[in-house]
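# Structural overview
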Amino acid sequence: MEVREVVARLEEFILEKAFKTGLPSIAVSLIIDGEVVYERGFGYRDVENGLLATPHTVYGIGSVTKSFTALAIMQLYEKGLLSPDDPAEKYLPFELKVKGEPVKIHHLLTHSSGIPALAYAEALIRGLINETDYWLPIVGYEDLFAFLRNVSNWAVAKPGERFFYLNEGYVLLGYIVEKVSGVEYEEYLKKNIFERLEMKDTFFIGECLEGKEIAVPYIVHEGERIRKSYPQGITADGGILGCVRDLSNYLLMYMNEGVFKGNEIVS
């Protein structure tokens, strides 16, 4: 299939879904044989003000952030500063054992700690958008540590036995990045990943983004599109904002086995 035909089918699909769902905007990139052959924004990044989406439009990338956290952990492993087989509690201010066995870094990376989803992030987001009556303001590491101190009582399997998607595990990995590298998580990612991948329009929730093409986050309630803000909290499990052009560089690095423009990011 020729690139032109692929692009035509992709555009038809996007417009159909936008029509059916009321999607305000989306930006896409198409990579073939290690090269970006197409990129485009659809719709409005700011509906009320009629601002168009482009490949530079910055969106919240949600849990794709976790892959950056995992990459940071593996970089630190390759520098000899930690091992995926290390007990996570070696770097944490509290004991982290499940069914009497230590939870290791690789258990957190692979969502196999034995701890079921605790939904701290969901509670924070739903509270911010007024979807529920309850509120769980866990917005920093110390808050999460307090929340997790009795986590062994909630475990349902030994480490390594079962998969349970766990936002909290990736927050702990972000803390480990800080503890081992000696710098804040955000600073580590900027220096060791964003800058090296030429990701110039990638940021963190809470940063000043004046002058940038920011997509307004909307929720839909009873058919009405409502402007909201990005929920500020802990970064390592879902706090990155980025544009499709930057994410293309990130994807190209993985497609080229950890190398970007001759620069090895990870082996």
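Just so we're clear, the structure is a prediction, and the values are computed from it rather than from any experiment.

Calculation rules
- Residues numbered from 1 in each chain as written.
- Predicted model: local features only at pLDDT ≥ 70, side-chain atom pairs only at ≥ 80, totals over all residues.
- Heavy atoms only, no water.
- Disulfide = S-S within 2.5 Å.
- 1 Å grid on protein atoms, 1.4 Å probe; cavity = no way out; pocket = protein on both sides within 12 Å on 5 of 7 lines; lining within 4 Å.
- Points joined across faces, edges and corners; volume = space filled by probe spheres on them.
- Nonpolar A, V, L, I, M, F, W, Y, C, P; charged D, E, K, R; others polar.
- Phe/Tyr/Trp six-rings, centres within 6.5 Å; stacked < 30°, edge-to-face > 60°.
- Lys NZ or Arg CZ within 6 Å of the ring centre and 35° of its normal.
- Core = buried A, V, L, I, M, F, W, Y, C linked by side-chain atoms within 4.5 Å.
- Buried < 20%, exposed > 50% of the residue type's maximum accessible area, 1.4 Å probe, protein only.
- Helix = DSSP H or I, 4+ residues; strand = E, 2+ residues; numbered from the N terminus.
- Contact = heavy atoms within 4.5 Å.

## Remarks on the state of the cysteines
- Taken as a whole and judged by the stated rule, the model has zero disulfides.
- Between Cys243, a free cysteine, and Cys208, which holds the nearest cysteine sulfur, the sulfur-to-sulfur gap is 17 Å.

## What about empty space enclosed by the protein?
- Summed over all chains, the structure comprises one cavity of 30 Å³ or more.
- Looking at the largest cavity, its volume works out to about 50 Å³.
- Lining the largest cavity are ten residues; nearest its centre among them are Ile115, Leu148, Val151, Leu166 and Leu172.
- For the lining of the largest cavity, a count of residues per class yields eight nonpolar, one polar and one charged.

## Some words on the packing of aromatic side chains
- One pass over the structure, following the stated rule, counts ten aromatic pairs.
- With a centroid separation of 5.7 Å and an interplanar angle of 55°, the aromatic rings of Phe147 and Trp154 are classed as tilted.
- Against the face of Tyr218 rests Arg225, its NZ or CZ located 5.9 Å from the ring centre.

## Considering the nonpolar core
- Judged by nonpolar contacts, the single largest core of 51 residues is most densely connected at Phe68, Leu96, Leu172, Ile176 and Leu189.
- For this core, the elements supplying multiple residues, two or more each, are helix H2 (65–78), helix H3 (105–109), helix H5 (141–148), helix H6 (167–181), helix H7 (185–194) and helix H8 (244–255).
- Per element, the largest residue contribution to this core is eight residues, and it comes from H6.
- Setting aside anything within four residues of it in sequence, one finds Phe68 in contact with Ile61, Leu189, Ile193, Phe194, Met199, Ile240, Leu247 and Tyr250.
- Membership of the second largest hydrophobic core comes to six residues, among which are Val7, Val28, Leu30 and Tyr38.

In short, shape yes, function no, at least from these values alone.
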